[in-house]
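One-letter residues, chain by chain:
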Amino acid sequence: LIVGADTLPALLITLLIAHLLWFMGIHGALIVTGLLSPFWMAGVSANQAALMAGEPLPHIFLQGFWDYYLLIGGIGTTLPLVFMAMRSRSHSIQSVGKLGFIPSMFNINEPLLFGFPIIMNPLFFLPFISVPLINAVLAWQLTQWGFLDKFIALLPWSMPSPLGAAWAANGSWSNGLMSLVCILNSYVLYRPFFLAHEKMVLEQERERS
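These remarks concern the structure in this document. (Residues numbered from 1 in each chain as written. Predicted model: local features only at pLDDT ≥ 70, side-chain atom pairs only at ≥ 80, totals over all residues. Heavy atoms only, no water.)

Quick word on the packing of aromatic side chains
Considering all chains together, one arrives at 13 aromatic pairs under this definition. Arranged with centres 6.3 Å apart and planes meeting at 40°, the rings of F23 and F128 form a pair that is tilted. Of the two residues, F23 is situated in helix 2 (residues 8–23) and F128 in helix 8 (residues 122–144); the sequence distance between them amounts to 105 residues. Centre to centre, the rings of F61 and F65 are 6.5 Å apart; their planes meet at 80°, and the pair counts as edge-to-face. (Phe/Tyr/Trp six-rings, centres within 6.5 Å; stacked < 30°, edge-to-face > 60°. Helix = DSSP H or I, 4+ residues; strand = E, 2+ residues; numbered from the N terminus.)

Structure below.
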């Protein structure tokens with residue numbers, strides 16, 4: 001089970017389940033991580049033992065990978081949406097962005113999930129599901145190829161992502177940089193959907209004024 005849990009298919013399946021549940025208003029990340037935690041604990045212990053022995057670290061899919069590459073700003077990797085919202089022409093979207101800015105820096109994004117909303121909003125379904133999956137494949141392959149370091153520590157999930165990604169991997173600057181790449185990727189993929197949402201909200205505001 002430990003070996004099977006540390007595979008790319010297992011990672012993608014758990015991501016998909018967590019995001020589908022969240023999209024329906026169920027805290028999918030809490031359910032999935034509760035099941036994965038024993039495997040993550042075993043994997044971190046194995047990586048620490050390998051590090052102390054000077055051997056290659058065996059495990060990739062650990063809590064640090066989940067928290068700092070895939071849940072940047074919260075479920076769905078929504079941190080870039082905060083920055084878009086804060087510069088929006090819509091007053092209501094701006095308000096959501098300002099309200100969600102500080103929580104999102106610590107991977108808490110309920111103000112966005114329910115304020116935009118993202119939950120049960122067909123417009124955001126595709127990026128909400130696909131952005132973490134794309135980032136997962138990219139980070140997994142780069143880790144396998146040796147460009148990224150594997151995680152050896154358990155840090156709070158609320159740690160800002162670039163710092164958490166670096167510190168949980170023994171101060172790896174490449175992991176911190178990968179977190180920034182995931183943020184950029186998320187920005188590019190969310191941008192057209194955000195613009196469509198902003199246009200709809202602006203029309204609604206004009207009708208009410």
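Resuming the write-up.
Here's the deal with a nonpolar patch on the surface
A contiguous nonpolar surface patch, about 840 Å² in accessible area, is contributed by L16, L20, M24, I26, I31, L35, M120, F125 and L126. Broken down by secondary-structure element, the contributors of at least two residues to the nonpolar patch are helix 2, helix 3 (28–53) and helix 8. Inspection of the secondary structure assignment puts M24 in the loop between helix 2 and helix 3. Overall, the relative accessible area of 47% leaves M24 in the partly exposed class. (Patch = residues over 30% accessible without salt bridge, like charges linked within 9 Å, V, L, I, M, F, W, Y side chains within 5 Å. Areas by Shrake-Rupley, 256 points an atom, 1.4 Å probe, with all protein chains shown as cover. Salt bridge = Lys/Arg side-chain N within 4 Å of Asp/Glu carboxyl O. Buried < 20%, exposed > 50% of the residue type's maximum accessible area, 1.4 Å probe, protein only.)

Some points on the nonpolar core
Of all hydrophobic cores here, the largest spans 53 residues; its most connected members are F65, Y69 and F116. Those elements that place two or more of their residues in this core are helix 2, helix 3, helix 4 (63–70), helix 5 (79–86), helix 6 (91–105), helix 7 (110–115), helix 8 and helix 10 (173–208). If you tally residues by element for this core, the top one is helix 8, at seven residues. (Core = buried A, V, L, I, M, F, W, Y, C linked by side-chain atoms within 4.5 Å.)

Quick word on helix 4
Of all the eight residues making up helix 4, eight are buried; the element is thus mostly covered by neighbouring parts of the structure. Those residues of helix 4 lying buried are Q63, G64, F65, W66, D67, Y68, Y69 and L70. Buried-residue contacts for helix 4 involve helix 2, helix 3, helix 8, helix 9 (161–167) and helix 10. (Contact = heavy atoms within 4.5 Å.)

Some thoughts on the pattern of salt bridges
By the definition in use, this model includes one salt bridge. Two residues, E198 and R89, come together in a salt bridge whose shortest N-O distance is 3.7 Å. Placement of the pair is E198 in helix 10 and R89 in the loop between helix 5 and helix 6, with a sequence separation of 109 residues. Judged by relative accessible area, which is 5%, E198 ranks as buried.

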